[in-house]
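The chain contents come next:
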Amino acid sequence: MASPSMALEERSGALAAARRTWNDLWGDALGRTGVILLVFVGMVAVLGPMVFPFDPKAVGRSAVDILRPPSASHWLGTDELGRDVFRATLSGARISLLVGLLATAISILAGALIGVIAGYYPGWLDSGLMRITDFFLVIPTLPLVIALAALFGQSLGIIILVIGLTGWPGTARIVRSQVLSLRERQFIARIRSFGASDARIVGLHILPNVLPLIFANTVLVIAGSILSEATLAFLGLGDPVHVSWGTMLHFAFVSGATGRGAWWYFLPPGVGIVVVVLGFTLVGHTLDQILNPRLRTR
Amino acid sequence: MFRPRYLVRKGVQLAVTLFAVVTFNFLLFRVLPGDPIRLIARSGHLPPGAVEQLRKLFGLDQPLIVQYGYYLRNLARGNFGFSYTYREPVADILAQRMTNTIVLLGAATVLIVGLGVGLGVLAASRRGTRIDSGTVVSALVFWSLPTFWTGMILVFVLGVWVHALPISGITTPGAIYSSVWQRISDVARHIALPTITLALVDVAQFVLITRSALVDVLTEDFILTAKAKGLSHRRVIWAHGFRNALLPVITASALYISLVVGGAIQVETVFSWPGMGRLIYDAVLRRDYPILEACFLIFAVTVILANLASDLLYQVLDPRVREA
């Protein structure tokens, strides 16, 4: 932990700290593997559909085109409608990543906001907010997400909102405990005695110290959000227009691809999910070891 | 063992949380867009008189607060409403389904706790070795697997390819058993794949938590003392180390319940296991809200009770918290 110094010094040190964190991450075998996996998936998601665009309407002409094994014209075979699985997988990457990232943004913003308020204002506000947090922490996530998605519809926007608005309690808890310990520090007390406003103290002095922890947590939440989306979509609650990896697996399952041994249909989207989630998990796990003060003191 | 004041506080907390969950559940399923009458009738073309009659029958002509009163009264009587698709009381449908889910989760939990604690202790006691890093990496990889996809892979490899195990249902359809044992062994063969799927994915958390808790404890002075006394490695690890590493593991088991409930929904869907998870999947596809509502409530209450149990267990095991 940086010595309790002045804000100016801390900010000029932020760049150096970020650099140090990156070096630690890249120096760790697991962290480096995670970064490489993520760069790979990111490139596939961005470039893949440009080079191999997927046309959901390009269905097969006859029954012969359905669930065909890989061939020269269809590198990963065809699905139950005779569409190209390789191209579908590439375009699914975008949807899965998009949902994961946007849902996480909502979770983190909500969690950080609630955590900072609860940690900074002890008393009824804190205990009230924490009661709500604990309530959502004990409610089993998947049944809740299923109920919400089933009730409010199957569009990408709804799915992002539902996953985002159920994923914040963990972040809120972590941020609160960190803010709670920061606000008792000497340097915060000194700054307050200068007459700094609450907004200034939180914005300039508390947040910069909580950010590293939020960052590590964010990376792990992304992994969870992508898994949530995949599960929801697999259960038939995905957006039928924007086909994600989970939606592909739903149709693979419903059309009986597993029983018919059409491995080329259900392997690629699943491998995609595992690679992305593993990438974020490895990076998040390593960042947590580097940035979490509780783990670092060991 | 417990102070009365602590128990009273916990009891009040439990009552408040349960009340909140019930209310949340009620409101969640009342804000849904669309007319419930249409969902019950499964058709938009009803004579106006019939609509009014149904509305009255289900109490939907009453203000929300009165409906809430009915809802609480019905819950207290074990009445979970009437399924749109099965045309049966939800409570009747749930009874058998719940048993099947409990059997599946019981089997999986035994496997997960045993395997998770065993591997976690193994990794921690060989800290820094290949065994340790191998265990951690495998745990992270398995943690990243979607449960439903792992199930699909196992169906393909062990069910379709090798034909080693049945891939669907709880018993062989149409089977006639000559004895109870034959029936049990049939169920055991059917439960194998769903249980293995759940264990593969959900064991990771237990491994990582057990490992890190034990790694922490093993740096303590009393471990050094135990070693200096000349105790065997096994005794130091289990009797001195693991006993003290139990607390974080207990805390994690409350989270585990929430996790495994989600896992059950996925695994039961893939393997057509006739439990609550499969029921939820079917209810989602057919928009059978009363069933969804009841299942959500039951899962939520289960997780809340599991949290309470882990809190109480924590108190029993850690004398330091008991006084607080």
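Being a predicted model, the structure only gives us computed values, none of them experimental.

**Q** Any chance you could explain the overall build of chain A here in plain terms?
**A** Counting its secondary structure elements, chain A contains 12 helices and zero strands. What you see in chain A, going N to C, is helices and strands ordered as α-α-α-α-α-α-α-α-α-α-α-α. Expressed as a percentage of the 298 residues in chain A, the buried residues total 47%.

**Q** How do you make sense of the overall build of chain B when you look at a structure like this?
**A** In terms of regular secondary structure, chain B is built from 13 helices and zero strands. Listing each helix as α and each strand as β along chain B from the N terminus yields α-α-α-α-α-α-α-α-α-α-α-α-α. The burial tally for chain B puts 36% of its 324 residues in the buried class. In chain B, of all internal contacts separated by at least 6 residues, the share reaching a separation of at least 24 is 72%.

**Q** Hey, could you run me through unusual backbone geometry in this one?
**A** Most of the time, phi is negative for any residue but glycine, and the peptide bond is trans. Residue and element names in this part refer to chain B. Located in the positive-phi region is Arg87, a residue other than glycine, with phi close to 55 degrees. Here Arg87 is to be found in the loop between α4 (64–76) and α5 (90–125). Exposure remark for Arg87: the 8 C-beta atoms within 10 Å place this residue in the exposed category. Even without being glycine, Ser272 reaches a positive phi, approximately 45 degrees. If you trace the backbone, Ser272 turns up in the loop between α10 (233–270) and α11 (276–286). Residue Ser272 is classed as partly exposed on the basis of its 15 C-beta neighbours within 10 Å.

**Q** What exactly am I supposed to notice about the packing of helix α11 (residues 263–291) of chain A against helix α6 (residues 130–143) of chain B here?
**A** Think of two packed helices as two axes; the pair is described by the angle between the axes and how far apart they sit. Packing of α11 of chain A against α6 of chain B brings their axes to within 9 Å, and their N-to-C directions diverge by 135 degrees. The angle between α11 of chain A and α6 of chain B falls in the class oblique. Handedness of the crossing formed by α11 of chain A with α6 of chain B: right-handed. Contacts from Leu278, Thr281, Leu282 and His285 of chain A in α11 of chain A reach Leu140, Val141 and Trp143 of chain B in α6 of chain B. Its residues assigned to classes, the contact of α11 of chain A with α6 of chain B shows five nonpolar, two polar and no charged.

**Q** I keep staring at the interface of chain A and chain B and nothing clicks. Help me out?
**A** Listed per partner, the contact involves 34 residues of chain A and 36 residues of chain B. Considering only residue class, the side of chain A that touches chain B consists of 25 nonpolar, nine polar and no charged.

**Q** Any chance you could explain the environment of Asp65 of chain A here in plain terms?
**A** All names here are of chain A. Considering the arrangement of structural elements, one finds Asp65 in the loop between α2 (29–51) and α3 (85–120). The exposure class of Asp65 is partly exposed, given the 15 C-beta atoms found within 10 Å. Separated by 12 residues in sequence, Asp65 and Gly77 place their C-alpha atoms 9.2 Å apart. When near neighbours in sequence (up to four residues on either side) are disregarded, Asp65 contacts Gly60, Thr78 and Gly82.

**Q** Got a minute to help me understand the confidence of the model for chain B in this structure?
**A** Atomic detail in the predicted coordinates should be set aside for any region of low pLDDT. On average, chain B scores 84 in pLDDT, and the residues at 70 or more come to 93%. Of the two predicted TM-score estimates for the complex, the pTM is 0.88 and the ipTM is 0.87.

**Q** Looking at this structure, I do not really get the nonpolar core. What am I missing?
**A** Within soluble globular proteins, side chains that are nonpolar generally end up buried alongside one another. With 157 residues, the main nonpolar core has Ile146 of chain A together with Ile280 and Leu292 of chain B as its most contacted residues. With 18 residues, helix α9 (residues 198–237) of chain A is the single largest residue contributor to this core. Non-local contacts of Ile280 of chain B, meaning those with residues more than four positions away in its chain, are made with Ile146 of chain A together with Ile265, Leu292 and Cys295 of chain B.

About the criteria used
Residues numbered from 1 in each chain as written. Chains lettered and ligands numbered in written order. Predicted model: local features only at pLDDT ≥ 70, side-chain atom pairs only at ≥ 80, totals over all residues. Helix = DSSP H or I, 4+ residues; strand = E, 2+ residues; numbered from the N terminus. Buried ≥ 20, exposed ≤ 12 C-beta atoms within 10 Å, placed from the backbone. Contact = placed C-beta atoms within 7 Å. Axes fitted to C-alpha atoms, helices over the stretch in contact; angles between N-to-C directions. Parallel < 35°, antiparallel > 145°, perpendicular 65-115°, else oblique. Left-handed = near helix turned anticlockwise from the far one by under 90°. Nonpolar A, V, L, I, M, F, W, Y, C, P; charged D, E, K, R; others polar. pLDDT = per-residue confidence, 0-100. Core = buried A, V, L, I, M, F, W, Y, C linked by C-beta atoms within 7 Å.

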